[in-house]
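Spelled out from the first residue to the last, the chains are:
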Amino acid sequence: MHSFGHRANAVATFAVTILAAMCFAASFSDNFNTPTPTASVKILGINWFQKEANGNDEVSMTLNISADLSSLFTWNTKQVFVFVAAEYETPQNALNQVSLWDGIIPAKEHAKFLIHTTNKYRFIDQGSNLKGKEFNLTMHWHIMPKTGKMFADKIVMTGYRLPEQYR
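Residues numbered from 1 in each chain as written. Predicted model: local features only at pLDDT ≥ 70, side-chain atom pairs only at ≥ 80, totals over all residues. Heavy atoms only, no water.

Our focus in this paragraph is the domain arrangement of the protein. Entries for the protein in the domain assignment read domain 1 (1–31) and domain 2 (33–161). Using only C-alpha atoms to locate each centre, domain 1 and domain 2 end up separated by 42 Å. Between domain 1 and domain 2, the residue contacts involve 6 residues of the former and 9 residues of the latter. Carbon and sulfur atoms make up 48% of the area that domain 1 and domain 2 hide from each other, which totals about 610 Å². Applying the counting criterion to the domain 1 and domain 2 interface returns 0 salt bridges. For the pair domain 1 and domain 2, the number of links is 0 residue pairs in polar contact (both at pLDDT 80 or more). Class assignment for the residues of the side of domain 1 that touches domain 2 results in 2 nonpolar, 3 polar and 1 charged. (Domains from an automatic or database assignment. Contact = heavy atoms within 4.5 Å. Buried area = accessible area lost by both parts, 1.4 Å probe. Salt bridge = Lys/Arg side-chain N within 4 Å of Asp/Glu carboxyl O. Polar contact = N/O pair within 3.5 Å; in protein donor to acceptor, adjacent residues only side chain to side chain. Nonpolar A, V, L, I, M, F, W, Y, C, P; charged D, E, K, R; others polar.)

Attention shifts here to the pairing of strand β2 (residues 57–68). Extensive coverage of β2 is indicated by the burial of 9 of its 12 residues. Here 12 bridges tie strand β1 (residues 38–51) to β2, and the two strands are oriented antiparallel to one another. Looking at the pairing, Thr38 lines up with Asp68 of β2. Taken together, the 7 bridges between β2 and strand β5 (residues 112–118) define a ladder with antiparallel strand orientation. In the strand pairing of β5, Asn64 is matched with His116. (Buried < 20%, exposed > 50% of the residue type's maximum accessible area, 1.4 Å probe, protein only. Helix = DSSP H or I, 4+ residues; strand = E, 2+ residues; numbered from the N terminus. Pairing = 2+ DSSP bridges.)

In this section: the environment of Ala15. Take Ala15: it is sitting in helix α1 (residues 4–29). Take Ala15: its relative accessible area is 43%, and that puts it in the partly exposed class.

This brings us to the side chain of Thr117. Residue placement: Thr117 occurs in strand β5. Residue class for Thr117 comes out buried when judged on its relative accessible area of 19%. Residues within four places of Thr117 in sequence aside, it is in contact with Met61, Thr62, Leu63, Ile65 and Trp101.

Attention shifts here to the sheet that holds strand β4 (residues 96–105). On the basis of which strands lie adjacent, the open sheet formed by 4 strands has the order β4-β3-β7-β8 and antiparallel pairing. Of all strands in the sheet, those bounded by a partner on one side alone are β4 and β8 (151–161). Between one strand axis and the next, the sheet turns through 20° on average, direction left out of account. Taken together, the 9 bridges between strand β7 (residues 134–145) and β8 define a ladder with antiparallel strand orientation. Across the sheet, Trp141 pairs through a bridge with Asp153, a residue of β8. (Axes fitted to C-alpha atoms, helices over the stretch in contact; angles between N-to-C directions.)

Following this line, the structure appears as structure tokens:
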């Protein structure tokens, strides 16, 4: 005859094993999702483009950010972290990334949005490298699942250029 402790241990072990198998299945099922997000970022205007007292270039701009990220959500998605970054090259660095805006999308109902804003974070280059500089605006996202590994991807929007003169 088994004691109560032995029986409770057997039930708990079985329950944890089933829970682990369900978590694995949930995580594995995300591999079959093929999201098709869309995004657009438009620069409505340059508010200022100036050289700071320490010699660094700073830019403030007004942006229209629209996206439909609803295809990123599955039944295993907890939330999505999204951010827009300016990406450009300088002689010192092959890739410079400056985050301009970010947000957390907690549910699929909030995944379709249109935001009119100025850059949330300062767009500063260490030096005087931004005059006439071509750059890309890139929308990055990180999908945070309820179980399993995080996924990240991006949409790159090219063809942007900063002014030749400070304003």
